[in-house]
Amino acid sequence: ADFVIWGGCGWAGLPPGGAPRQRCLWASTSTKNPEYSDVLYVRELIGPDTVNTLPGSTLEAWLDHGEAADTLGPGIPQARETIAAACAAGLDLDAITDQLTAAGVKSFADSYDALLAVVAEKARQLAPTG
């Protein structure tokens with residue numbers, strides 16, 4: 001699988017030319033399994049130039065007992081080994097990523113459509129009659 005690198009020679013000339021800094025976005029990082037730490041996906045995804053969106057309850061938990069530290073950087077060598085092993089085992093990471101991306105986009109689109117339906121219904125209910 002091909003992975004984008006936000007650094008090195010290929011990236012070095014872009015910011016001075018006006019390119020905005022690219023940031024890795026972690027979205028909706030609440031913990032779904034109650035047996036896991038309520039800040040697991042915040043704590044494990046901290047690194048330079050990253051953005052994390054999280055629901056209010058996770059933010060409250062983080063403010064209560066989260067500790068900020070670069071947790072991504074130290075795991076990069078192991079992550080590279082894991083990816084290499086997955087590819088060597090025959091996993092098609094591009095196909096898996098495509099499937100997960102399509103499912104994620106559909107989930108967000110479905111939520112957006114549901115929100116628009118609620119707003120349209122409320123607008124209909126509040127519209128003057130007559």
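Residues numbered from 1 in each chain as written. Predicted model: local features only at pLDDT ≥ 70, side-chain atom pairs only at ≥ 80, totals over all residues. Heavy atoms only, no water.

J.: Give a detailed account of the overall build of the protein, specifying residues and quantitative values.
T.: The helix and strand tally for the protein stands at five helices and two strands. From first element to last, N terminus to C terminus, the protein shows the α and β order α-β-α-β-α-α-α. Relative to the globule expectation of 14 Å for 130 residues, the C-alpha radius of gyration of the protein, 20 Å, shows a markedly less compact shape. With respect to the three principal axes, the spread of C-alpha positions in the protein is 65 × 40 × 40 Å. Residues classed as buried in the protein amount to 12% of the 130 residues present. Long-range pairs, those at least 24 residues apart, make up 51% of the contacts in the protein with a sequence separation of at least 6. Here the protein displays about 9900 Å² of accessible surface, and carbon together with sulfur accounts for 62% of that area. (Helix = DSSP H or I, 4+ residues; strand = E, 2+ residues; numbered from the N terminus. Rg over C-alpha atoms; globule rule 2.2 N^0.38 Å. Buried < 20%, exposed > 50% of the residue type's maximum accessible area, 1.4 Å probe, protein only. Contact = heavy atoms within 4.5 Å. Areas by Shrake-Rupley, 256 points an atom, 1.4 Å probe, with all protein chains shown as cover.)

J.: Break down the nonpolar core for me, with residues and values.
T.: By size, the foremost hydrophobic cluster in this structure holds five residues: Val39, Val42, Ile46, Ala61 and Trp62. Each residue touching Ile46, except ones within four places of it in the same chain, is listed here: Trp62, Glu67, Ala68, Ala69, Asp70, Thr71 and Leu72. (Core = buried A, V, L, I, M, F, W, Y, C linked by side-chain atoms within 4.5 Å.)

J.: Just give me the short version of the state of the cysteines, but keep the residues and values in it.
T.: What the rule picks out here adds up to zero disulfides. Considering cysteine sulfurs only, Cys87 is the nearest to Cys24, which forms no disulfide, with 18 Å between them. On the accessibility criterion, Cys24 (23% relative accessible area) is partly exposed. (Disulfide = S-S within 2.5 Å.)

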